[in-house]
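# Overview (structure and organization)
So you can see what is in the structure, the chains are spelled out below.
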2 protein chains.
Amino acid sequence: MMKYCIGIDMGGTTVKLGLFSREGQLLERDEIATRWQLGRQTVLEDIAASAHTLTGRRKIPLHDCTAGFGVAGPIDSQGYADAVVNLNMYDFYPGRELSEKLDNIPVTAANDANVAALGEMWQGGGKGYQNLLFITLGTGVGSGIVLNEKIIHGAHGLAGEIGHIWVNPHEPETCSCGGKGCLDQMASATGIVRNARRFLAKTEAESSLRQINDLTAKDVFDAAKAGDAVARETVDYCMGFLGKSIADVSYVIDPEIVVIGGGMSKAGQYLLDVVFDHYRRYPKLKKTLCRFALADLGGDAGIYGAARLALDL
Amino acid sequence: MMKYCIGIDMGGTTVKLGLFSREGQLLERDEIATRWQLGRQTVLEDIAASAHTLTGRRKIPLHDCTAGFGVAGPIDSQGYADAVVNLNMYDFYPGRELSEKLDNIPVTAANDANVAALGEMWQGGGKGYQNLLFITLGTGVGSGIVLNEKIIHGAHGLAGEIGHIWVNPHEPETCSCGGKGCLDQMASATGIVRNARRFLAKTEAESSLRQINDLTAKDVFDAAKAGDAVARETVDYCMGFLGKSIADVSYVIDPEIVVIGGGMSKAGQYLLDVVFDHYRRYPKLKKTLCRFALADLGGDAGIYGAARLALDL
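Right, let's walk through the structure included here. Please read all numbers here as calculations on a predicted model, not as lab measurements. (Residues numbered from 1 in each chain as written. Chains lettered and ligands numbered in written order. Predicted model: local features only at pLDDT ≥ 70, side-chain atom pairs only at ≥ 80, totals over all residues. Heavy atoms only, no water.)

## A few points about the overall build of chain A
Check the secondary structure of chain A and you find nine helices and twelve strands. The principal-axis extent of the C-alpha atoms belonging to chain A is close to 65 × 45 × 35 Å. Within chain A, the proportion of its 313 residues that are buried is 59%. Considering only contacts within chain A whose residues lie at least 6 apart along the sequence, 62% involve residues at least 24 apart. Working note: accessible area of chain A is about 12600 Å², and carbon and sulfur atoms make up 48% of it. The average position of the 31 basic charges and that of the 37 acidic charges among the side chains of chain A differ by 4 Å. (Helix = DSSP H or I, 4+ residues; strand = E, 2+ residues; numbered from the N terminus. Buried < 20%, exposed > 50% of the residue type's maximum accessible area, 1.4 Å probe, protein only. Contact = heavy atoms within 4.5 Å. Areas by Shrake-Rupley, 256 points an atom, 1.4 Å probe, with all protein chains shown as cover. Lys, Arg positive; Asp, Glu negative; His and termini not counted. Charge placed at Lys NZ, Arg CZ, Asp CG, Glu CD.)

## A short note on the sheet that holds strand β1 (residues 4-10) of chain B
Strands in a sheet are paired, the pairing made by backbone hydrogen bonds, and the direction either parallel or antiparallel. All names here are of chain B. Taken in spatial order, the five strands make up an open sheet running β3-β2-β1-β4-β7, and their pairing is mixed. Both edges of this open sheet fall to β3 (26-33) and β7 (107-111), since each of them pairs with a single strand only. The mean angle between the axes of side-by-side strands here comes to 15°, regardless of whether they run parallel or antiparallel. Pairing geometry for strand β2 (residues 14-21) and β3, over seven bridges, is antiparallel. Residue pairing for β3: glycine 18 is matched across the bridge by arginine 29. Contacts between helix α2 (residues 94-101) and the sheet are confined to β1, β4 (65-71) and β7, with β7 contributing the most and set at about 145° to the helix. Running over the sheet, helix α9 (residues 301-311) touches β1, β2, β3, β4 and β7 and is turned about 135° from β1. (Pairing = 2+ DSSP bridges. Axes fitted to C-alpha atoms, helices over the stretch in contact; angles between N-to-C directions.)

## Considering the packing of aromatic side chains
The tally for this structure, following the rule as stated, stands at 20 aromatic pairs over all chains. Arranged with centres 5.1 Å apart and planes meeting at 90°, the rings of A:Tyr237 and A:Phe241 form a pair that is edge-to-face. Taken together, the residues A:Tyr237 and A:Phe241, both in helix α7 (residues 229-253) and four residues apart, mark about one turn of the helix. You can call A:Phe241 buried: its relative accessible area is 15%. Look at B:Phe199 and B:Tyr237: their rings are 5.4 Å apart centre to centre, the planes differ by 80°, and that puts the pair in the edge-to-face class. Here B:Phe199 is found in helix α5 (residues 189-202), whereas its partner B:Tyr237 is found in helix α7 (residues 229-253), with 38 residues between them in sequence. (Phe/Tyr/Trp six-rings, centres within 6.5 Å; stacked < 30°, edge-to-face > 60°.)

## Things to note about helix α8 (residues 268-279) of chain A
Residue and element names in this part refer to chain A. Taking 1.5 Å of rise per residue, the twelve residues of α8 would be expected to cover 16 Å, and the 17 Å separating its terminal C-alpha atoms lies within 8% of that figure. Turning to α8, its buried residues are Gly268, Tyr270, Leu271, Leu272, Val274, Val275, His278 and Tyr279. Each element contacted by the buried residues of α8 is listed here: β8 (132-137), α6 (217-225), α7, β11 (257-261) and β12 (291-294). (Expected span 1.5 Å × (residues − 1).)

## Focus on the state of the cysteines
Applying the stated criterion across every chain yields a total of zero disulfides over all chains. B:Cys177 provides the cysteine sulfur closest to A:Cys290, a residue in no disulfide bond, and the two sulfurs are 16 Å apart. Cysteine B:Cys65 remains unbridged, with the sulfur of B:Cys5 as its closest cysteine sulfur at 8.0 Å. By relative accessible area, B:Cys65 is classed as buried at 0%. (Disulfide = S-S within 2.5 Å.)

## A closer look at the sheet that holds β12(A)
Residue and element names in this part refer to chain A. Spatially, β10-β9-β8-β11-β12 is the arrangement adopted by the five strands of the open sheet, whose pairing is mixed. Both outer strands of the open sheet, β10 (150-151) and β12, are each paired with one neighbouring strand and no more. One ladder, built from six bridges, connects β8 with strand β9 (residues 141-147); its direction is antiparallel. Looking at β9, one finds that phenylalanine 134 is bridged to glycine 144. Lying on the sheet, helix α3 (residues 112-123) is in contact with β8, β9, β10 and β11; it crosses β9 at an angle near 55°.

## A look at the side chain of B:Ser50
Inspection of the secondary structure puts B:Ser50 in helix α1 (residues 40-57). Sequence-distant contacts of B:Ser50, defined by excluding residues within four places in its chain, comprise B:Leu17, B:Asp30 and B:Ile32.

These values are about where atoms sit, not about what they do.
Now the structure itself:
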């Protein structure tokens, strides 16, 4: 059995790497620029060099390690990536190619949101659970699913795309996917701001939000916590769609815990309470209600999850 | 490696058993009454006796077999059954108990709808695929999910309960679950009949359905196929909710194929076409549209699936 795991999280701006003990302790960490403009081979060589640096610092032979590789695009169940659009990488096997540059140590790749879900299960907000729905609320709504401590990838690597469940037949604007009324349009930071503006326009009521020019989701949550009625109405409306969607997803995959991360999760317990209050209205769930928790690893969820993925190799 | 698999499907009226080769050929079949009124031990002993009969007929030693056990209730990821209400069985480990009565050969248990999904993947309508959503349309709407050739159980054995996704905010009647507007109320045989009555009451239009006293879902589908406008409107309305739900579920688990079984699937290709037409309206799915197929094994899906489950032991 290998003694260490390397977790790699390849994003559009930087690649994060972590060297972990099998028990989940982060021993060494690195972050390098993603030089995708120079092509895939360069990026993979940069990653390999960084992995050598990390293990070198601890005088650990690379052959005592396995590696997990989180990639910002769909990876199918064969480890194949059709398109990682943001990095201009197409038609390749990320795990296999990285392994070749890492003295052929075992490397397995998966979608980055799914990997982050696994990280939160291993050492984050979902620690102690085996069945988890992880949701990131940021510019968009992303998610990852872990059942029995394994990532659910789906046939095309697209499992957990809950942001495009259609939830609101009354939404007039078109989503980036071409649909109308996606969860993404309601429960993302962008959705919160757009809906707050609508509520403000619809009413004459006093609201602290009216003084803010460049409204953000954080402003709306802060005002809601301070008791602002329009802000509360907005949060309740938008998070109602999220609570309903979590209930729907629970019927499909039956998780134990819902972990919420992403920028919006900084709204903390208040956010959890509002979402949970909507989620628990669905009577069939009574006996098997999920716990709700905040994500705990922030931007490091990806390297933790990738390392956890490597643990099974 | 074991040479044969025994598939067992324990329902409320009968227990079906099949002896299979590892390649999926059904060698021997038996069906016995489920004498649940005499208690769990009697039922398990009846099953063991039947398993001995099946293997005896072929002169196969029981120790050359593994067994899979489909049970009409939720089984959690530890193989534990909290309650199999229809059989009055509570708080037990079905696989473990049956193994004790079967000379301790390996036995694994799972929920019967999930097992049927696996059966359809192995030798039925989903043959050749690894990632499948199986839906049964009968008195209710049931489902089972198979990803990478493995059943998705969920934390409490309740994965695939898609019948209780809330789909229709305008439904006035209460569902058995206590909710209002569940998929079950729209897309089940009962739902089709109730909605046909409503459409008939709402219009003066001619319809062959008006002559039928004891309306069934089959009547509605037959009339729709024959061109009856009210019947077509009913089918389109009810199956629209199913198509939308399949799209939602696809975002969550990303299957390759949707297999539709249950009594209503006798409506055949016409049913598939209507559901698919609604499902494919969701633009984000474009690149990864599922195939749709009819279930192929009828009431034997359970024994096939249970045998396939035993293949992994």
